[in-house]
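Given next are the chains, with one letter for each unit.
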Protein chains: 2
Amino acid sequence: VQFTEIEGGVTAPAGFLAGGLHCGIKKDGQPDLAIIFSERSAAVAGVFTRNLVKAAPVLYNQHVLKHGSARAIVVNSGNANAVTGKQGKVDAEAMARTAERCLGLAPLEAAVASTGVIGQTLPIDKIMKGIEKLAPMVSRDGGEQAARAIMTTDTFPKKVAIRVPLSRGEIVIGGMAKGAGMICPDLATMLVFITTDANVERECLHHTLRAAVEPSFNSITVDGDSSTNDTVLVLANGASNTAVIDDLSVDCPTFRAALHYVCMRLAEMIVRDGEGATKLARVTVTGAQNAAAARQIAKTIANSLLVKTAIFGNDANWGRIICAAGRAGVEFDPGKVDILLGDLIVLKEGSPWRFDETRAKELLSRNEVEITLILNAGGETATVLTCDLSYDYVKINASYRT
Amino acid sequence: VQFTEIEGGVTAPAGFLAGGLHCGIKKDGQPDLAIIFSERSAAVAGVFTRNLVKAAPVLYNQHVLKHGSARAIVVNSGNANAVTGKQGKVDAEAMARTAERCLGLAPLEAAVASTGVIGQTLPIDKIMKGIEKLAPMVSRDGGEQAARAIMTTDTFPKKVAIRVPLSRGEIVIGGMAKGAGMICPDLATMLVFITTDANVERECLHHTLRAAVEPSFNSITVDGDSSTNDTVLVLANGASNTAVIDDLSVDCPTFRAALHYVCMRLAEMIVRDGEGATKLARVTVTGAQNAAAARQIAKTIANSLLVKTAIFGNDANWGRIICAAGRAGVEFDPGKVDILLGDLIVLKEGSPWRFDETRAKELLSRNEVEITLILNAGGETATVLTCDLSYDYVKINASYRT
């Protein structure tokens, strides 16, 4: 299936409005509050951080998911409302209640999310005033504003939208994300909000999201840290007036492919905007006996500081790649391994392969680098996206809080 | 027991000679070949990398350990002889054979070690000529030279020696190490050589070394990467003419404490000289239900890039500490956790604790930083040593190979 990318992000699908503004959390006056609003009730599904320490909004959203349908998502940036004790819970609820009141929703129809500094109480008065002001302003072309308002150390807003032809009719899926730091397989300080006017049965929406998250948001890494706030939420409001999609529908595979596409595009944007990143690296481990082993090795390579700094320095240091693979905790025969940079063989059956250093440097200088490790032990493959580690990563993170 | 530190490193114990010189591996003319020599046969014990990809010298030394006694260790820096295929094996053997010939030893009496770039064949002719030249030059005051000759990105030679009073008589233990990068729990590109004139039974030497390595070399991390070449070797030659120490000897606890002391001192030096490090951080997790859980949490905090950059930036960002703990894969109740920076409480029972930011900054600015996480769930404790992550780490590693 071919998908056509269109403008608009989360407001591209029919029946969705959005907006963003500065409510006073960020000191630099940048937008820090976003609302996504659906004109009609929408099925909701979500995936959240597996970190043991879960932020208040993550815990709150469990109630919304139980409720099963929602009509709004209210998000603030600049403060994560994480490790904020009982007050954090009260504040998350206050955000939801205020959004519901101002948008005319029933209880539990608004989900919440926060991102930013951990351990500081939300300036809830500012946020409530902000919601009151923003609620009447949400519009069909507020997708860009909303995407900007959830940024923290992101350098560009991340959004995508596609048209998806079904067997009868057409749907649109839109999405926005924020990422940049604390990005690691199994989610990260990563907020992702996806909207669609497809008419998706709730269980199917949940299954489809789970499947789409694995190769996308669970297969990216910036720094190996995963956060207290990671959230992926999808709302499906049926405003396209197409037939219901459930697990057995003829259109289910198309919807699955389309949601996968949107997740992959946003995941790629998150890695490309990794803190201090100058390039994206695609680490593929193939020829593995099983997919879990392939993924574990790819993750270990993708998280290796030595590999990431070598990529930054355009250094074809494949020794670090095989070395990282060797400590992944997965059995393989180092004597059978091939390594390629792009299409250039640098290691063949575990032995150094004479290669053109100039060409290797050229391949590594591109803004997208491909590293492939072939185990020659089976037919399974996994790919993890990562970025290089530069001076700027250190600069950005050495004094984030102050 | 009190130990007195003395000069001399590996040549401080009786009956040990050493030396180092430049044999032509390093381009900058720095020393790159070291020999440690014992005038009499010595019991030998060793611990090696658990990386699946093991360098040729690591594999070779298994034969020496099986042999059970040794009289020399020959080490080169500048080239790791790792992932070098069959030639690597031939070269490691050639290093050992040459050392044995030049020092008048029997087969399998020389252990070998290499550190440096992975995947390049050793310049074995230069090394063999170097051994021929160095062997007659080893001396009682060559400990410093030898420590210098095993350095790679290290900024200072690492050595220690102590006098250890026994129930009757006295022994000396000396040691040297190289580290700096690829340092992670479960060893790292870390070479450690320890000598003693104690008269230690082989099995006891092995047990004592294993026990000493856990809280020292297996509890340090610079960048989470562990290498193909990690080696800790100890030679005990009995030249002190003191009584045999075995597992049941009255002096065994003293010897254990002394070896522990030497390992801890060298481990600390390795972390303090972590690539680009400006300070050392001691991460202690206490009040845990079991030691493995405490260690796992301490390791995860100690390896978190976000924690390490915050330490570099003197930023009391305890949110990153609790967040890293939460993704360690160990169950605990975040609502019971206390966190201290030095003696300053920053989190109490899972809730932010008002603290003096100026004092926190002052504590973090010291060249040794203490982070303590109290789980309040039991009586077990673990400490992991780490360092901060600075611009210079990236600089050093972005173009190491070239």
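Each value, and the rule that gives it
Residues numbered from 1 in each chain as written. Chains lettered and ligands numbered in written order. Predicted model: local features only at pLDDT ≥ 70, side-chain atom pairs only at ≥ 80, totals over all residues. Heavy atoms only, no water. Helix = DSSP H or I, 4+ residues; strand = E, 2+ residues; numbered from the N terminus. Rg over C-alpha atoms; globule rule 2.2 N^0.38 Å. Buried < 20%, exposed > 50% of the residue type's maximum accessible area, 1.4 Å probe, protein only. Contact = heavy atoms within 4.5 Å. Areas by Shrake-Rupley, 256 points an atom, 1.4 Å probe, with all protein chains shown as cover. Lys, Arg positive; Asp, Glu negative; His and termini not counted. Charge placed at Lys NZ, Arg CZ, Asp CG, Glu CD. Pairing = 2+ DSSP bridges. Axes fitted to C-alpha atoms, helices over the stretch in contact; angles between N-to-C directions. Phe/Tyr/Trp six-rings, centres within 6.5 Å; stacked < 30°, edge-to-face > 60°. Lys NZ or Arg CZ within 6 Å of the ring centre and 35° of its normal. Parallel < 35°, antiparallel > 145°, perpendicular 65-115°, else oblique. Left-handed = near helix turned anticlockwise from the far one by under 90°. Nonpolar A, V, L, I, M, F, W, Y, C, P; charged D, E, K, R; others polar. Expected span 1.5 Å × (residues − 1). Salt bridge = Lys/Arg side-chain N within 4 Å of Asp/Glu carboxyl O. Disulfide = S-S within 2.5 Å. Polar contact = N/O pair within 3.5 Å; in protein donor to acceptor, adjacent residues only side chain to side chain. pLDDT = per-residue confidence, 0-100.

Topic: the overall build of chain A
Stage number 1. Of regular secondary structure, chain A possesses eleven helices and 15 strands.
Stage number 2. Its C-alpha atoms give chain A a radius of gyration of 22 Å, within 12% of the compact-globule value 21 Å for 402 residues.
Stage number 3. When the backbone C-alpha atoms are referred to their principal axes, chain A occupies close to 70 × 55 × 35 Å.
Stage number 4. Taking all 402 residues of chain A together, the buried fraction comes to 64%.
Stage number 5. Considering only contacts in chain A between residues 6 or more positions apart, those separated by 24 or more positions represent 80%.
Stage number 6. By element, 50% of the accessible surface of chain A is carried by carbon and sulfur atoms, the whole surface being about 14,100 Å².
Stage number 7. Side-chain charges of chain A comprise 41 positive and 43 negative groups, with the mean position of each set lying 4 Å from the other.

What about the environment of A:Met137?
Stage number 1. Residue placement: A:Met137 occurs in the loop between helix H3 (124-134) and helix H4 (143-149).
Stage number 2. Considered as a pair, A:Met137 and A:Gly29 are 108 residues apart in the sequence and their alpha carbons are 19 Å apart.

Description of the sheet that holds strand S13 (residues 351-352) of chain A
Residues and elements named next belong to chain A.
Stage number 1. Taken in spatial order, the six strands of this open sheet run S13-S12-S11-S14-S10-S15, and their pairing is mixed. Unpaired on one side and paired on the other, S13 and strand S15 (380-387) mark the two borders of the sheet.
Stage number 2. Taken together, the three bridges between strand S11 (residues 338-341) and strand S12 (residues 344-348) define a ladder with antiparallel strand orientation. Bridge assignment links Leu341 to a residue of S12, and that residue is Leu344.
Stage number 3. Taken strand by strand, helix H9 (residues 318-326) contacts S11, S12, S13 and strand S14 (368-374), and its axis lies near 130 degrees from that of S11.

Details of the sheet that holds strand S15 (residues 380-387) of chain B
Residue and element names in this part refer to chain B.
Stage number 1. Across the sheet, six strands lie side by side as S13-S12-S11-S14-S10-S15; this open sheet has mixed pairing. Edge positions in the sheet fall to strand S13 (351-352) and S15, since each has one partner strand and no second.
Stage number 2. Both strand S10 (residues 280-288) and strand S14 (residues 368-374) contribute to a ladder of seven bridges, which runs parallel. Of the residues in S14, the one forming a bridge with Leu280 is Glu368.

Things to note about unusual backbone geometry
Residue and element names in this part refer to chain A.
Stage number 1. You will see that Asn81, though not glycine, has its phi angle at about 45 degrees, which is positive.
Stage number 2. Within the secondary structure, Asn81 is located in the loop between strand S4 (69-79) and helix H2 (85-103).
Stage number 3. Using a relative accessible area of 0% as the deciding quantity, one classes Asn81 as buried.
Stage number 4. Backbone geometry places Asn314, a non-glycine residue, at a positive phi of 55 degrees.
Stage number 5. One can find Asn314 in the loop between helix H8 (305-312) and H9.

Focus on the pairing of strand S3 (residues 33-48) of chain A
Residues and elements named next belong to chain A.
Stage number 1. Burial analysis of S3 places 13 of its 16 residues in the buried class, which makes it a mostly covered element.
Stage number 2. Taken together, the six bridges between strand S2 (residues 16-21) and S3 define a ladder with antiparallel strand orientation. When the sheet's bridge partners are listed, Ala18 is paired in S3 with Ile36.
Stage number 3. Pairing of S3 with S4 involves seven bridges; the strand directions are antiparallel. Looking across to S4, one finds that Ala43 is bridged to Ser69.

Description of the packing of aromatic side chains
Stage number 1. For the coordinates displayed, the defined rule picks out two aromatic pairs over all chains.
Stage number 2. A cation sits over an aromatic face here: A:Lys158 above A:Phe156, 4.4 Å from the ring centre.

Considerations on the packing of helix H8 (residues 305-312) of chain B against helix H9 (residues 318-326) of chain B
Residues and elements named next belong to chain B.
Stage number 1. Axis separation between H8 and H9 bottoms out at 9 Å; the angle between their running directions is 160 degrees. Between H8 and H9, the angle is such that the two are roughly antiparallel. For the crossing formed where H8 meets H9, the hand is left-handed. In this structure, H8 contributes Leu306, Val307, Thr309 and Ala310 to the contact, and H9 contributes Arg320, Ile321 and Ala324.
Stage number 2. Broken down by class, the residue content of the contact of H8 with H9 amounts to five nonpolar, one polar and one charged.

Brief notes about H2(A)
For an α-helix, 3.6 residues make a turn, and residues three or four places apart therefore share a direction.
All names here are of chain A.
Stage number 1. Its 19 residues give H2 an end-to-end C-alpha distance of 28 Å, which sits within 8% of 27 Å, the value for a rise of 1.5 Å per residue.
Stage number 2. Residues of H2 that are buried include every one of Gly88, Asp91, Ala92, Ala94, Met95, Ala96, Thr98, Ala99, Glu100 and Leu103, and no others.
Stage number 3. Along its buried surface, H2 packs onto S3, helix H1 (56-67), S4, strand S5 (110-117) and H3.
Stage number 4. Of the residues trailing H2, Gly104 is marked for its positive phi of about 70 degrees.

Things to note about the environment of A:Lys66
All names here are of chain A.
Stage number 1. In this structure, Lys66 sits in helix H1.
Stage number 2. Accessibility expressed as a relative area gives 71% for Lys66, which makes it exposed.
Stage number 3. It is 15 Å that separates the C-alpha atoms of Lys66 and Glu201, two residues lying 135 residues apart in sequence.

Thoughts on the pattern of salt bridges
Residues and elements named next belong to chain A.
Stage number 1. Throughout the structure, instances matching the rule amount to 34 salt bridges over all chains.
Stage number 2. Linking Arg295 and Glu214 is a salt bridge whose minimum nitrogen-to-oxygen distance equals 3.5 Å. With Arg295 in helix H7 (residues 291-303) and Glu214 in the loop between helix H5 (202-213) and strand S9 (231-236), this pair connects stretches of sequence that are 81 residues apart.
Stage number 3. Glu214 gets classed as partly exposed once you look at its relative accessible area, which sits at 33%.

Comments concerning the packing of H5(A) against helix H6 (residues 252-272) of chain A
All names here are of chain A.
Stage number 1. Here H5 crosses H6 at 45 degrees, and the two axes come no closer than 9 Å. Judged by the angle between their axes, H5 and H6 are oblique. For the element pair H5 and H6, the recorded crossing hand is right-handed. Contacts between H5 and H6 pair Cys204, Leu205, Thr208, Leu209 and Ala212 from the former with Cys252, Phe255, Arg256, Leu259, His260 and Cys263 from the latter.

Let's talk about the state of the cysteines
Stage number 1. Following the criterion strictly, the structure yields zero disulfides over all chains and no others.
Stage number 2. Here A:Cys252 is not disulfide-linked; the sulfur of A:Cys204 is the nearest cysteine sulfur, at 3.9 Å.
Stage number 3. Residue classification places A:Cys252 among the buried positions, given a relative accessible area of 1%.
Stage number 4. Looking at the unpaired B:Cys263, the closest cysteine sulfur is the one in B:Cys204, lying at 14 Å.

Considerations on the environment of B:Thr228
All names here are of chain B.
Stage number 1. Tracing the chain through its elements places Thr228 in the loop between helix H5 (202-213) and strand S9 (231-236).
Stage number 2. With 173 residues separating them along the chain, Thr228 and Ala55 place their C-alpha atoms 5.3 Å apart.
Stage number 3. Reaching out from Thr228, the side chain makes a polar contact with the side chain of Asn229 at a distance of 2.4 Å.

Section: the pairing of S2(A)
Stage number 1. Extensive coverage of S2(A) is indicated by the burial of six of its six residues.
Stage number 2. By the alternation rule, side chains of S2(A) split into A:Phe16, A:Ala18 and A:Gly20 and A:Leu17, A:Gly19 and A:Leu21, which are all buried.

Description of the confidence of the model for chain A
Stage number 1. For chain A, mean pLDDT is 91; residues scoring 70 or higher make up 94% of the total.
Stage number 2. Overall, residues 182-188 of chain A carries pLDDT values under 50, and its contacts beyond four positions in sequence, including any with other chains, amount to 53 contacts.

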